[in-house]
Amino acid sequence: MTDCCIIGGGIIGLSIARELAGRGLSVRVLSRDASRDTASWAAAGIFPPAPDSAAASANDRLTAYSDRLHRIWSEELRAETGIDNELEPCGGLHLAADERGSARLREAQFDWHAKGARCDWLTGPDLARQEPALRAAVEQGRILAGLLLPEEMRIRPPQHLEAVGQSCRMRGVKIVPAADVRAIDVRDGRIEGIRIASGEGRAATDTVRADRYCLAAGAWSGDLARALGLHIETRPIRGQIALLRLPRQVLTRVVNVGLEYLVPRSDGRLLVGSTIEDAGFDKATTPQVIDRLIAFSHRLLGPLPGAVLEQSWAGLRPGSVDGCPFIGAAPACSNAFVAAGHFRAGLHQSAGTAMLLADLMTGRTPALDLAAFAPDRRPEANSPDSVQAYLARAAEASA
Ligand SMILES: Cc1cc2nc3c(=O)[nH]c(=O)nc-3n(C[C@H](O)[C@H](O)[C@H](O)COP(=O)(O)OP(=O)(O)OC[C@H]3O[C@@H](n4cnc5c(N)ncnc54)[C@H](O)[C@@H]3O)c2cc1C
């Protein structure tokens, strides 16, 4: 029998597995979908500045903790696996397209300074000097002003996911592909076993047993958590992305305008995202949205001669009502733990989540107070990080 069984092979499940295996435990990961079909693969890979200030919220402290660990993990992963996840402090620009946007940026600048992040106000001409590809948009009045956040980073999600998976395997983790968890059997306040359907057509059924279990199934966690006596909401929130191949890279920094962004890749590609959509578990892209994203890139960068739409995709972010993930033990089930609901920050928060969960699962005291993440908390719905708040912002932007 394995020591630990993780449900979910996205970045949260794999990072936890890697950390547990690094501590000498035998670990099995059950993953229903191919890596490409996870939110983790689909992510843009933006890591906003994450200063660790005393005034920070619990969610910001988790991000700051994780941000520090990512820098270490990135080096370790390269040394262990030879895979470069391309974590890089490339800096980020946050732009205003109109007066209302400028007023919002002033508030954002105040907030960033309060959190202790470096953040400079840039006029239009400053922006054109920093990123010459934006010059035409500045001169034609499509960009008024911006903020420069030099500490913003980018990471390449598919590479990071591959590196963490490879590191898991090198540490002896058994990753079971195409393993669909159909039921969690609980008896006398403990998980007794997990029933899975696996293989071609999912014909084979099996029961997996372990000493301890962790539910990390992204947007699908809410349904499975009911067996553990938990009522957590991990609402799927779709995000679509278009990937352009350019003859040469035109940007050096991540560029954000409201909820949309451009992420330049080191290989010359440009990722254009994204949307915040309440579309249930539908992972399809829609032509209207992809056209809108391409139009957004043209608004900022002009017509981009020679650019080719290479790929487009969508992923389902696991939303939580108050924007904080669920990280902790399931009170009604003595050998069950949960790590889910990371919404828009799951890549960024993954290394920290792994460390905290591994601490809990191995009886160590976690480095952060986890009260705000308790799976049985009563979430406050009016948080600015909540799914509801982001859906409202998305509706306002498209009105
Ligand atoms: C378009 C987009 C852009 C994003 N940009 C960023 C960003 O810039 N920065 C950032 O930090 N985050 C970003 N995110 C958010 C981030 O991707 C997620 O928060 C994170 O990937 C969630 O990871 P996860 O492992 O919980 O879920 P997922 O990656 O979705 O993994 C869930 C896993 O659970 C498995 N599973 C589900 N049900 C079952 C079952 N019944 N049996 C077995 N296995 C099951 C799935 O197969 C999968 O392996 C973005 C997300 C999207 C969609």
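Asks: It is not clear to me how the overall build of the protein should be interpreted in this structure. Could you clarify?
Replies: Each helix and strand counted, the protein has 11 helices and 19 strands in total. Whereas a compact globule of 399 residues would reach a radius of gyration of roughly 21 Å, the protein reaches 21 Å, a difference of no more than 12%. Seen through its C-alpha atoms, the protein measures out along the principal axes to roughly 70 × 45 × 40 Å. In the protein, which comprises 399 residues, the proportion classed as buried is 46%. Long-range contacts, defined here as pairs at least 24 residues apart, represent 74% of the contacts in the protein between residues at least 6 apart.

Asks: For this particular structure, what's the right way to read the pairing of strand β6 (residues 145-149)?
Replies: Counting buried positions along β6 gives four out of five residues, so the element sits mostly inside the fold. Relative to β6, strand β4 (residues 92-96) is paired through five bridges, and the arrangement is antiparallel. Bridge pairing in β6 places Leu93 opposite Leu148. Here strand β5 (residues 120-123) pairs with β6 via four bridges, running antiparallel. When the sheet's bridge partners are listed, Leu122 is paired in β6 with Gly146.

Asks: Would you take a moment to explain the site of the ligand for this structure?
Replies: Around the ligand, a shell composed of 42 residues is seen, among which Gly10, Gly218, Gly239, Gly315 and Gly346 lie nearest. Broken down by secondary-structure element, the contributors of at least two residues to the shell around the ligand are α1 (11-22), α2 (39-42), β9 (179-187), β13 (235-245), β17 (308-319) and α10 (346-361). Here the shell around the ligand spans two domains, and each of domain 1 (2-86 + 156-234 + 320-380) and domain 2 (92-155 + 235-318) adds at least three residues to it.

Asks: Honestly, the sheet that holds β17 in this entry has me stumped. Any pointers?
Replies: Backbone-to-backbone hydrogen bonds pair the strands of a sheet. The strands run either parallel or antiparallel. Read from one edge of the open sheet, eight strands run β5-β6-β4-β14-β15-β16-β13-β17, paired in mixed fashion. Only two strands of the sheet have a single neighbouring strand rather than two, namely β5 and β17. Mean inter-strand twist for the sheet, computed between neighbouring axes without regard to direction, equals 20°. As paired strands, strand β15 (residues 260-264) and strand β16 (residues 269-273) are joined by four bridges and run antiparallel to one another.

Asks: Would you take a moment to explain the environment of Thr81 for this structure?
Replies: Mapping Thr81 onto the fold places it in helix α3 (residues 58-81). In this structure the C-alpha to C-alpha distance between Thr81 and Pro247, which are 166 residues apart in sequence, comes to 30 Å. Thr81 has contacts with Ala163, Gln166, Ser167 and Met170, leaving out every residue within four places of it along the chain.

Asks: Sorry, what's going on with the nonpolar core here?
Replies: Burial of nonpolar side chains together is a common tendency in soluble globular proteins. Ile16, Cys214 and Leu215 are the most contacted members of the largest nonpolar core, which has 116 residues in total. No other element matches the eight residues that α10 contributes to this core. Mapped onto the domain boundaries, this core takes at least three residues apiece from domain 1 (2-86 + 156-234 + 320-380) and domain 2 (92-155 + 235-318).

Asks: Is there a simple way to explain the packing of α1 against helix α7 (residues 157-170) in this structure?
Replies: Taken N-terminus to C-terminus, the directions of α1 and α7 make an angle of 35°; their axes are 9 Å apart at the nearest point. Here the hand of the crossing between α1 and α7 comes out left-handed. Counting all contacts with α1, which are made through Ile11, Leu14, Ser15, Ala17, Arg18 and Ala21, the residues of α7 involved are Leu161, Val164, Gly165, Ser167 and Cys168.

Asks: Just to check I follow, could you spell out α3 for this structure?
Replies: Counting along an α-helix, one turn takes 3.6 residues, and residues three or four places apart therefore face a common direction. With 24 residues, α3 extends 33 Å from end C-alpha to end C-alpha; this agrees with the ideal 34 Å at 1.5 Å per step. Among the residues making up α3, those that are buried are Asn59, Leu62, Thr63, Ala64, Tyr65, Ser66, Asp67, Leu69, His70, Trp73, Ser74 and Leu77. Buried residues belonging to α3 abut β3 (46-47), α7 and α10. Residue Gly82 follows α3 closely and has a positive phi angle near 80°.

Asks: So what exactly am I meant to see when it comes to the domain arrangement of the protein here?
Replies: Interface size is often expressed as the accessible area that is lost when the parts come together. Parsing the protein into structural domains produces domain 1 (2-86 + 156-234 + 320-380) and domain 2 (92-155 + 235-318). With centres defined by C-alpha atoms, the gap from domain 1 to domain 2 works out at 29 Å. Every contact between the two is made by 30 residues of domain 1 and, on the other side, 30 residues of domain 2. Looking at the side of domain 1 that touches domain 2, the elements that each hand over two or more residues are α2, β3 and α7. Class assignment of the residues belonging to the side of domain 1 that touches domain 2 gives a composition of 16 nonpolar, nine polar and five charged.

Asks: Looking at this model, I keep getting lost on the pairing of strand β14 (residues 254-257). Mind explaining?
Replies: As a general feature of sheets, a regular strand has side chains that alternate between the two faces. Burial along β14 is two-sided: the residues Val254 and Asn256 and Val255 and Val257 are all buried. Relative to β14, β4 runs parallel, the two being bridged by three bridges. Directly across from Leu93, in β14, lies its bridge partner Val255. Here β14 folds back onto β15 in antiparallel fashion, the turn holding two residues, of which Gly258 has a positive phi close to 60°.

Asks: Is there a simple way to think about the sheet that holds strand β8 (residues 174-176) in this case?
Replies: Judged by pairing direction, the sheet is mixed, and its six strands sit side by side in the order β8-β2-β1-β12-β19-β18 without closing on themselves. Both edges of this open sheet fall to β8 and β18 (326-329), since each of them pairs with a single strand only. Put simply, the sheet's adjacent strands are angled 20° from each other on average, direction ignored.

Asks: How do you make sense of unusual backbone geometry when you look at a structure like this?
Replies: Glycine aside, a negative phi is what most residues show, and trans is what most peptide bonds show. The residue after Gly273, namely Ser274, is reached through a cis peptide bond having omega -20°. If you trace the backbone, Ser274 turns up in the loop between β16 and α9 (287-301). The phi angle at Glu86 is positive, at roughly 60°, despite the residue not being glycine. By secondary structure assignment, the location of Glu86 is in the loop between α3 and β4. Here Glu86 falls in the partly exposed class, since 18 other C-beta atoms lie within 10 Å of it.

Definitions and limits used
- Residues numbered from 1 in each chain as written.
- Predicted model: local features only at pLDDT ≥ 70, side-chain atom pairs only at ≥ 80, totals over all residues.
- Helix = DSSP H or I, 4+ residues; strand = E, 2+ residues; numbered from the N terminus.
- Rg over C-alpha atoms; globule rule 2.2 N^0.38 Å.
- Buried ≥ 20, exposed ≤ 12 C-beta atoms within 10 Å, placed from the backbone.
- Contact = placed C-beta atoms within 7 Å.
- Pairing = 2+ DSSP bridges.
- Near = placed C-beta within 6 Å.
- Domains from an automatic or database assignment.
- Axes fitted to C-alpha atoms, helices over the stretch in contact; angles between N-to-C directions.
- Core = buried A, V, L, I, M, F, W, Y, C linked by C-beta atoms within 7 Å.
- Left-handed = near helix turned anticlockwise from the far one by under 90°.
- Expected span 1.5 Å × (residues − 1).
- Nonpolar A, V, L, I, M, F, W, Y, C, P; charged D, E, K, R; others polar.

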